[in-house]
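One letter stands for each residue in the lines below.
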Amino acid sequence: MKITYEFDTDSENFDLMKLRTFQQSEEIAYALSEVIKQARKWDKSDPRTEIPAGEVYDTITDIVARYVDMEKIGY
């Protein structure tokens, strides 16, 4: 089986951000798996009963930034 994705860059409806997001889809999926791993780590092995929201935000954004160029996809 062969699957082909096509982006018509000459079309007036062409969305560069969709193309760039598609091009980074593997990195996005990997970043998501790393976020899930971190959440599991907090849940299973962090002795604290509460984790500061700032720490959660910083950790997740650091993980995503490690793998995904958010600016390139419009965020």
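Values in this document were obtained by computation on a predicted structure and should not be read as measured data. Think of each chain on its own: its residues are numbered from 1, step by step along the sequence as written. A pLDDT threshold of at least 70 governs which residues receive local features in this predicted model, and a stricter bar of 80 or more applies before side-chain atom pairs are shown or counted, although totals over entire chains, interfaces and linings include all residues. Hydrogens and water molecules were not included; the side-chain quantities draw on all heavy atoms of the structure.

Novice: Help me out: how do you make sense of the packing of aromatic side chains in this one?
Specialist: When we look at a pair of aromatic rings, we describe it by the centre distance and by the angle of the planes. Pairing of aromatic rings covers Phe, Tyr and Trp, the last through its six-membered ring, and needs centres within 6.5 Å; plane angles under 30 degrees mean stacked, over 60 mean edge-to-face, and all others mean tilted. For the structure shown, the criterion picks out three aromatic pairs. Measuring from ring centre to ring centre gives 4.8 Å for Y5 and F22, while their planes differ by 50°; the resulting arrangement is tilted. Residue Y5 is found in the segment before α1 (16-23), and its partner F22 is found in helix α1; the two are separated by 17 residues along the sequence. Three exposure classes are used, based on accessible area relative to the maximum for each residue type with a 1.4 Å probe and protein chains only: buried under 20%, partly exposed in between, and exposed over 50%. Residue classification places Y5 among the exposed residues on the basis of a relative accessible area of 57%. On the accessibility criterion, F22 (34% relative accessible area) is partly exposed. A ring pair is formed by F7 and F22, whose centres lie 5.3 Å apart and whose planes are at 55°; its orientation type is tilted. With F7 in the segment before α1 and F22 in helix α1, this residue pair connects regions lying 15 residues apart in the sequence. Among the aromatic residues, those joined into a cluster by ring pairs are Y5, F7 and F22. Per the convention used, a helix needs a DSSP run of H or I reaching at least four residues, while a strand needs a run of E reaching at least two, with both numbered from the N terminus.

Novice: Which parts of the structure should I look at to understand the environment of M1?
Specialist: Note on placement: M1 falls in the segment before α1. Accessibility expressed as a relative area gives 98% for M1, which makes it exposed. Separated by 42 residues in sequence, M1 and D43 have C-alpha atoms that sit 41 Å apart.

Novice: I keep staring at the confidence of the model for the protein chain and nothing clicks. Help me out?
Specialist: Detailed reading of predicted coordinates is not advised where the pLDDT is low. Per-residue confidence for the protein chain gives a mean pLDDT of 96, with 100% of residues at or over 70. Of all secondary-structure elements in the protein chain, the lowest mean pLDDT belongs to α1, at 96, while helix α3 (residues 53-67) reaches the highest, 98. Confidence scores here are pLDDT values: one per residue, from the predictor, ranging 0 to 100.

Novice: Looking at this structure, I do not really get the packing of helix α2 (residues 25-45) against α3. What am I missing?
Specialist: If you want to describe how two helices pack, look at the angle between their axes and the distance between the axes. Viewed as axis vectors pointing N to C, α2 and α3 meet at an angle of 150°, and their least axial separation amounts to 8 Å. When the axis of α2 is compared with that of α3, the two are roughly antiparallel. Crossing angle aside, the handedness with which α2 passes α3 is right-handed. Along its contact with α2, which presents E27, Y30, A31, E34, V35, Q38 and W42, the element α3 presents E55, V56, T59, I60, I63, V64 and Y67. For this classification, the nonpolar set comprises Ala, Val, Leu, Ile, Met, Phe, Trp, Tyr, Cys and Pro, the charged set comprises Asp, Glu, Lys and Arg, and every other residue, Gly included, is treated as polar. Looking at the contact of α2 with α3 residue by residue, the class counts come to nine nonpolar, two polar and three charged. Note on method: axes are straight lines fitted to C-alpha atoms, helices fitted across the in-contact stretch only, with angles between N-to-C directions ranging 0 to 180 degrees. Angles below 35 degrees are treated as roughly parallel, those above 145 as roughly antiparallel, those between 65 and 115 as roughly perpendicular, and all remaining angles as oblique. The hand of a helix crossing depends on one turn: near helix anticlockwise from the far one by less than a right angle means left-handed, and clockwise means right-handed. Any two residues whose heavy atoms approach within 4.5 Å are treated as being in contact.

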